[in-house]
Amino acid sequence: MSEDGAATTSNKTAETMNKNQQDKRKHKVIIVGAGMAGLSSANHLTKNGCTDFLILEGRNRVGGRIVSIDMGSQKIELGANWIHGVLGNPMFELAMQHGLISIINIPKPHKVVAATEDGKQVPFQILQEIYEAYVCFLRRCEEYFLCQYLPPPDIHSVGEHINLEVELYLNGVDCQKEKHLRKLIFDCLLKRETCITGCHSMDEIDLLELGSYTELQGGNIVLPSGYSSILKPLCDNLPNENIVLSCPVRRIHWKRKAALRASASAMTASAGGTILEEDEDDGGNESDDSDRTVTEVPVGTGDAQQGSADEHKAGEAARIIKSSTANVVVECENGAVYEADHVICTLPLGVLKEQSETLFVPALPQYKIESIDSLLFGTVDKIFLEYDRPFLNATISEIMLLWDGLEENDGEAADGQEQDGQWLKDNWYKKIYSFSKVSDTLLLGWISGREAEYMETLSHEIVAERCTEILRQFLKDPFVPKPKRCVCTSWRKQQFSRGSYTAIAVGASQDDIDNIAQPLYSSPHQSKPSVLFAGEHTHANFYSTVHGAYLSGRTAAQILLTPDSPQEIVMESDSSDLSSWIQGIALD
């Protein structure tokens, strides 16, 4: 089951909303994307008296990477899982304000067992010893950012640094068997870290930037009614007609008066292109390459009638774009064209990576494209297994899988992608680091990176069979039942996400996040930007989180509001507690 398959809003509703928008094509603000950043922007605009906005969402539901579905009697999260931290977290405050969570949170008993491939369980004291050492190594990695001293030479990634620490640590263990066992636990914890960080391997994560992520205190909070329940209070403030679903954006034309121009000879040489003149007040004697790209006749051997319809649609769009006097014109896949003073783009980093060079007309500045390329947008997927009856010991909450060290390099030793593909086919499941209990009859496995991408190509039946074999092997129990239902996420395959969340790759930095967040001005004379960016990938300290997305969306909206009436800005909470005070600081 893909996350789009779990949509809660019907296509019929989407069509109704879309129809309501046919008459109104000009807006003060257009928000691209109805994930947390987009909804946050819209809420902040609404609370401050601006309702002349439109949200364009590609999916047929709101929420983006927040999606909860029912599985048995349980709400399960296909996307965002927890509210990360309490103090200063706007998500926690919103949940509390709307009664979505009780302040009394009694933690469930949490007993983790670790087992090797031959079904032997590791003594708990060894597991605890290694976990404490690992946490210490990880904290030391974070200190490079905080203290700004230099790591050992030739150590650039978190993975390299931790493996160096592990090697030094294991040198103190004499018994080879004991050493090997401890190494397997470290390897398992590093796999777990890839799911937390959102990468394929910790070797990809920049050592000097690990500490740039700010962890809010208070642990991870689960919403009993599902993370999606937090979307309702956000959507309740917004008029239905302000949200258009199932409406992917094709292009954002953002530089109306001084678009990049190609020379006349280059324009003449381009076959099949319709040449459009620049706006009259801009000289009228040079052609605009950005407009030309909109009106190119499709090349191909497809159905002629369809080609003619597409050509007509493109021509109509080009006519509107040409005659528009708006700062920004947004062209949608369905042929609709909207005009706006400002656009807030909340598309995920994965989508920007795929479309950054074609989505914006003219293209984004080079510094932005380079930063989009530099950051990581990894894949983290979940595997849910539902059973008719409990089979795991009632006291156990999680079983860690200590796979015997099989390096991926073994699969990449030979040249060519075929060998790598074969390696993934044979070993993808060894990236699953544990199965944890969601309930007595529901297990959850996590998988990241290339192995997760490979899993997305498999049927749920194949994944369920493989997971059953794993559980039988590690629990040393041939009678572990097959699940009655298996649900796997597919965040890499999803057209409107193309991955899970942002991480800072080796060679990248917080500056890249700031570069992406930088607004675009159509001309030096503008007081407010034409295009603003929001989303978890635009928050330098809270990247990869829902609260990062929320705060970035609110900040983008405030940039558009502040010059008009700074003293009238309405914040979400009027109370003067420390949490709200910190939240206010985070806005900057």
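Bear in mind the structure is a predicted one, so any value in this text is a computation, not a measurement.

**Here's the deal with the overall build of the protein**
In step 1: Along its length, the protein carries 19 helices and 20 strands.
In step 2: Per-residue burial over the protein gives 53% buried out of 588 residues.
In step 3: Contacts spanning at least 24 positions in sequence make up 76% of the contacts within the protein whose residues lie at least 6 apart.
In step 4: Counting only carbon and sulfur atoms, one obtains 51% of the accessible surface of the protein, whose full area is about 26,800 Å².

**A closer look at the environment of Leu 245**
In step 1: Mapped onto the fold, Leu 245 is located in the loop between strand E8 (243–244) and strand E9 (249–253).
In step 2: Separated by 212 residues in the primary sequence, Leu 245 and Gly 33 place their C-alpha atoms 9.3 Å from one another.

**Thoughts on the pairing of strand E4 (residues 74–77)**
Two faces make up the sheet, and in a regular strand the side chains alternate between them.
In step 1: The sheet contact formed by strand E3 (residues 68–71) and E4 spans four bridges and is antiparallel. Bridging across to E4, Met 71 finds its partner in Gln 74.

**As for the packing of aromatic side chains**
In step 1: One pass over the structure, following the stated rule, counts eleven aromatic pairs.
In step 2: Aromatic pair Phe 137 and Phe 186: ring centres 5.8 Å apart, planes at 25 degrees, arrangement stacked. One end of the pair, Phe 137, is in helix H4 (residues 124–147); the other, Phe 186, is in helix H6 (residues 176–197), with 49 residues separating them in the sequence. Pair check on accessibility: Phe 137 and Phe 186 agree, each one buried.
In step 3: Consider the rings of Phe 360 and Phe 533, whose centres lie 5.8 Å apart with planes at 50 degrees: the pair is tilted. On the criterion of sequence distance, the pair formed by Phe 360 in strand E12 (residues 360–361) and Phe 533 in strand E20 (residues 531–533) is long-range, its members being 173 residues apart.
In step 4: Judged by its relative accessible area of 6%, Phe 533 falls in the buried class.

**With respect to the environment of Val 173**
In step 1: By the element assignment, Val 173 lies in the loop between helix H5 (158–170) and H6.
In step 2: Residue Val 173 is classed as buried on the basis of its relative accessible area of 16%.

**Quick notes on the confidence of the model for the protein**
In step 1: Looking at the protein as a whole, the pLDDT averages 84, with 78% of positions reaching at least 70.
In step 2: Every residue in residues 16–22 is under pLDDT 50, and counting partners more than four places away or in other chains gives 13 contacts.
In step 3: Confidence drops under pLDDT 50 across residues 409–416; counting only partners more than four residues distant or on other chains, this segment forms seven contacts.

**Digging into the nonpolar core**
In step 1: By size, the foremost hydrophobic cluster in this structure holds 49 residues, and its most contacted members are Val 158, Ile 162, Ile 185, Phe 186, Ile 205, Phe 384 and Leu 402.
In step 2: It is H4 that contributes the most residues to this core, nine residues altogether.
In step 3: Formed by 43 residues, the second largest nonpolar core is a distinct cluster that contains Ile 31, Leu 245, Leu 532 and Leu 560.

**Observations regarding unusual backbone geometry**
In step 1: Note that the residue after Val 361, namely Pro 362, is joined by a cis bond; omega there is -5 degrees.
In step 2: A positive phi angle is found at Arg 498, which is not glycine, with a value near 55 degrees.
In step 3: Structurally, Arg 498 is set in the loop between strand E18 (485–488) and strand E19 (501–503).
In step 4: Positive phi outside glycine occurs at Ser 544, with the angle close to 75 degrees.
In step 5: Here Ser 544 shows up in the loop between E20 and helix H18 (546–561).

**Here's the deal with the packing of helix H11 (residues 349–359) against helix H12 (residues 366–374)**
In step 1: At a closest axis distance of 9 Å, the pairing of H11 and H12 adopts a crossing angle of 135 degrees. Overall, the two elements H11 and H12 adopt an arrangement that is oblique. Crossing of H11 against H12: the hand is left-handed. Contacts between H11 and H12 involve Leu 349, Leu 352, Lys 353, Ser 356 and Glu 357 from the former and Ile 369, Ile 372 and Asp 373 from the latter.
In step 2: The class makeup of the residues in the contact of H11 with H12 is four nonpolar, one polar and three charged.

**Side note on the sheet that holds strand E16 (residues 434–439)**
In step 1: Reading across the sheet, the six strands line up as E6-E15-E16-E17-E14-E18 and stay open at both edges, with mixed pairing between neighbours. Two strands in the sheet have a free side with no partner beyond their single neighbour: strand E6 (112–116) and E18. Each adjacent strand pair in this sheet contributes to an overall mean axis angle of 20 degrees, direction not counted.
In step 2: Relative to E18, strand E14 (residues 380–386) runs antiparallel, the two being bridged by four bridges. Residue Ile 383 lies in a different strand from E18, and its bridge partner there is Cys 488.
In step 3: Packed onto the sheet, H6 meets E6, E14, strand E15 (398–402) and strand E17 (442–448) and runs at close to 115 degrees relative to E15.

About the thresholds
Residues numbered from 1 in each chain as written. Predicted model: local features only at pLDDT ≥ 70, side-chain atom pairs only at ≥ 80, totals over all residues. Heavy atoms only, no water. Helix = DSSP H or I, 4+ residues; strand = E, 2+ residues; numbered from the N terminus. Buried < 20%, exposed > 50% of the residue type's maximum accessible area, 1.4 Å probe, protein only. Contact = heavy atoms within 4.5 Å. Areas by Shrake-Rupley, 256 points an atom, 1.4 Å probe, with all protein chains shown as cover. Pairing = 2+ DSSP bridges. Phe/Tyr/Trp six-rings, centres within 6.5 Å; stacked < 30°, edge-to-face > 60°. pLDDT = per-residue confidence, 0-100. Core = buried A, V, L, I, M, F, W, Y, C linked by side-chain atoms within 4.5 Å. Axes fitted to C-alpha atoms, helices over the stretch in contact; angles between N-to-C directions. Parallel < 35°, antiparallel > 145°, perpendicular 65-115°, else oblique. Left-handed = near helix turned anticlockwise from the far one by under 90°. Nonpolar A, V, L, I, M, F, W, Y, C, P; charged D, E, K, R; others polar.

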